[in-house]
Structure formats: C-alpha cells, structure tokens
Amino acid sequence: MLKEVLRVLDEVLSLAGRSAGFSRDTALLGAIPELDSMAVVSLITALEDQFGMIVDDDDIDGSTFQTVGSLVDFVSSKLNG
C-alpha cells in the first residue's frame, strides 16, 4: 500500500521520483511545497481512481495529509471500510 500511495503522490505532485525517499514519517502538508490546496483535491481524485474508492468531504481533514503514514492509513481504512 505504501508504494502505491507514494507512486500516486509522485505523479500528482510531479515530484520526479523524490517520493522514493519518503517514509511513513515524512511530513506532507506544510513540508512539501507542491502539496497545496489544489494539489490536495487532485491527490484525492487520483487516490479514488487508483484504489476504486470514494472519499466524502467529511472523511478528510488536515490530519489525513499530515504524514505519508497518515495518508496510507487513511487509504487503508477506506479500502477495509
């Protein structure tokens, strides 16, 4: 799951492979300039497409995008519903 989420992050944010060095503890919001409010929307859409899930507005808050690990945990929880 981590690898798939990192691949989506890399593609959506145009990180040119930088996500390969990310771990679960890597900070996202506020730490990666490419992850702005518009990119969050694009990222959610890409995750929905990649994993075949639906994300409701009520499902997410700032903590979802705090770290790579929190994002992976969010995707896992949506898939395991």
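Residues numbered from 1 in each chain as written. Predicted model: local features only at pLDDT ≥ 70, side-chain atom pairs only at ≥ 80, totals over all residues. Heavy atoms only, no water.

Engineer: Got a minute to help me understand the pattern of salt bridges in this structure?
Structural biologist: Note on pairing: side chains with opposite charge can pair once their charged atoms come close. Counting across every chain of the model gives four salt bridges. Note that Asp59 and Lys78 form a salt bridge whose closest N and O atoms lie 2.7 Å from each other. With Asp59 in the loop between helix 2 (37-51) and helix 3 (68-80) and Lys78 in helix 3, this residue pair connects regions lying 19 residues apart in the sequence. (Salt bridge = Lys/Arg side-chain N within 4 Å of Asp/Glu carboxyl O. Helix = DSSP H or I, 4+ residues; strand = E, 2+ residues; numbered from the N terminus.)

Engineer: Help me out: how do you make sense of the packing of helix 1 (residues 2-13) against helix 3 in this one?
Structural biologist: Packed helices, taken two at a time, are described by the angle their axes make and the gap between the axes. It is at 10 Å that the axes of helix 1 and helix 3 come closest, and there the two elements cross at 110°. Relative to helix 3, the element helix 1 is oriented roughly perpendicular. Relative to helix 3, the crossing made by helix 1 is right-handed. For the pair helix 1 and helix 3, the contacting residues are Leu2, Val5, Leu6 and Leu9 in the first and Val68, Leu71, Val72 and Val75 in the second. For the contact of helix 1 with helix 3, a count of residues per class yields eight nonpolar, no polar and no charged. (Axes fitted to C-alpha atoms, helices over the stretch in contact; angles between N-to-C directions. Parallel < 35°, antiparallel > 145°, perpendicular 65-115°, else oblique. Left-handed = near helix turned anticlockwise from the far one by under 90°. Contact = heavy atoms within 4.5 Å. Nonpolar A, V, L, I, M, F, W, Y, C, P; charged D, E, K, R; others polar.)

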